[in-house]
Amino acid sequence: EEAKCGRSMVAASLIFLVLLCCQIVYGAFMAGLDAGYQYNTFPKMGDYWVHPNLFAFESWWENFVSNPAMVQFIHRGLGLALFASAFALIPVGLFNRMSGSVAVALYGVCGLTLLQFLLGIMTLLLKVPVGLAVMHQVTACLLLGFAVALCHESLKGRKQDVCKKISTGSTPAW
């Protein structure tokens, strides 16, 4: 059976992909700034939910790319947002009657997101052991691949659904 998807599944998978790309960029900032060696507690950063050093730099924009406290805070926040949005994709997919390759990609995204989230927490709590940090980065690459596949399959399913409606003479609901 061909994959079918509505606009909401396409939009949700694209939003997830954009969030994931931002998270990967902030993961690179984490590695480059050695930010994982600071605030090795979870869910708080040390004793704080919102660390007082977030805006330690004079230039506000530098805080977002050069301040280890802010970079870690953003990386944590994006991780939580991705975790929640991955599992929010499931009811969206079910509502849109996903099937076949869309379901495989979606469940791959959910499983890898869960693994990635747990690896990130463990990497932080154990003070960045190299093997765990590498697994965290490799899982990010796999997750990116599945997220791209989910977007592709969702768009392909949407396109096929629209083409069926056009060929039968009904108007697609854009």
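Preceding this section is the structure that the text describes.
These figures come from a predicted structure and were not determined experimentally. (Residues numbered from 1 in each chain as written. Predicted model: local features only at pLDDT ≥ 70, side-chain atom pairs only at ≥ 80, totals over all residues. Heavy atoms only, no water.)

How should I be thinking about the overall build of the protein chain in this particular structure?
Across its full length, the protein chain holds 5 helices and 0 strands. From first element to last, N terminus to C terminus, the protein chain shows the α and β order α-α-α-α-α. Every one of the 174 residues in the protein chain was classed for burial, and the buried ones make up 42%. Of the contacts formed within the protein chain by residues at least 6 apart in sequence, a portion of 73% connects residues at least 24 apart. For the protein chain, the accessible area works out to roughly 9500 Å², and carbon and sulfur atoms hold 72% of it. (Helix = DSSP H or I, 4+ residues; strand = E, 2+ residues; numbered from the N terminus. Buried < 20%, exposed > 50% of the residue type's maximum accessible area, 1.4 Å probe, protein only. Contact = heavy atoms within 4.5 Å. Areas by Shrake-Rupley, 256 points an atom, 1.4 Å probe, with all protein chains shown as cover.)

Got a minute to help me understand a nonpolar patch on the surface in this structure?
On the surface, Phe42, Leu80, Met122, Leu125 and Leu126 cluster together to form a nonpolar patch covering roughly 420 Å² of accessible area. Structurally, leucine 80 is set in helix α3 (residues 68-95). The class of leucine 80 is partly exposed, set by a relative accessible area of 45%. (Patch = residues over 30% accessible without salt bridge, like charges linked within 9 Å, V, L, I, M, F, W, Y side chains within 5 Å. Salt bridge = Lys/Arg side-chain N within 4 Å of Asp/Glu carboxyl O.)

Sorry, what's going on with the nonpolar core here?
Generally speaking, soluble globular proteins have nonpolar side chains that are buried together. Counting residues in hydrophobic clusters, the biggest one holds 20 residues, and the most contacted among them are Phe16, Leu89, Leu106, Val109 and Leu150. Those elements that place two or more of their residues in this core are α1 (7-32), α3, α4 (101-125) and α5 (130-167). Counting residues per element, this core draws most heavily on α4, at 7 residues. Leave out the neighbours within four places in its chain, and leucine 106 touches Met9, Leu89, Ile90, Gly93, Met98 and Leu150. Counting 11 residues, the second largest nonpolar core, distinct from the first, contains Tyr26, Met30, Met45 and Leu78. (Core = buried A, V, L, I, M, F, W, Y, C linked by side-chain atoms within 4.5 Å.)

Would you take a moment to explain α1 for this structure?
Working note: α-helix, 3.6 residues per turn, so residues spaced by three or four point in the same direction. Taking 1.5 Å per residue as the helical rise, α1 with its 26 residues ought to reach 38 Å, and the 38 Å between its terminal C-alpha atoms agrees with that figure. All of the buried residues in α1 are Met9, Val10, Ala12, Ser13, Phe16, Leu17, Leu20, Gln23, Tyr26 and Met30. Downstream of α1 by one or two residues, aspartate 34 has phi in the positive range, about 50 degrees. (Expected span 1.5 Å × (residues − 1).)

It is not clear to me how the environment of valine 25 should be interpreted in this structure. Could you clarify?
When you line up the elements, valine 25 lands in helix α1. For valine 25, a relative accessible area of 42% puts it in the partly exposed group. For the pair valine 25 and valine 65, spaced 40 residues apart in sequence, the C-alpha to C-alpha distance is 9.9 Å.

Explanation requested: the packing of aromatic side chains in the structure shown.
Aromatic ring pairs are reported here in terms of the distance separating the ring centres and the angle at which the planes meet. On inspection of all chains with the given rule, the structure shows 6 aromatic pairs. A centroid spacing of 6.0 Å and a plane angle of 75 degrees characterise the contact between phenylalanine 55 and phenylalanine 64, whose relative ring orientation is edge-to-face. Ring centres 4.6 Å apart and planes at 25 degrees place the aromatic pair phenylalanine 83 and phenylalanine 117 in the stacked group. One end of the pair, phenylalanine 83, is in helix α3; the other, phenylalanine 117, is in helix α4, and 34 residues separate them in sequence. On the accessibility criterion, phenylalanine 117 (18% relative accessible area) is buried. Through pairs of rings, three or more aromatic residues link up here, namely Phe42, Phe83, Phe87 and Phe117. (Phe/Tyr/Trp six-rings, centres within 6.5 Å; stacked < 30°, edge-to-face > 60°.)

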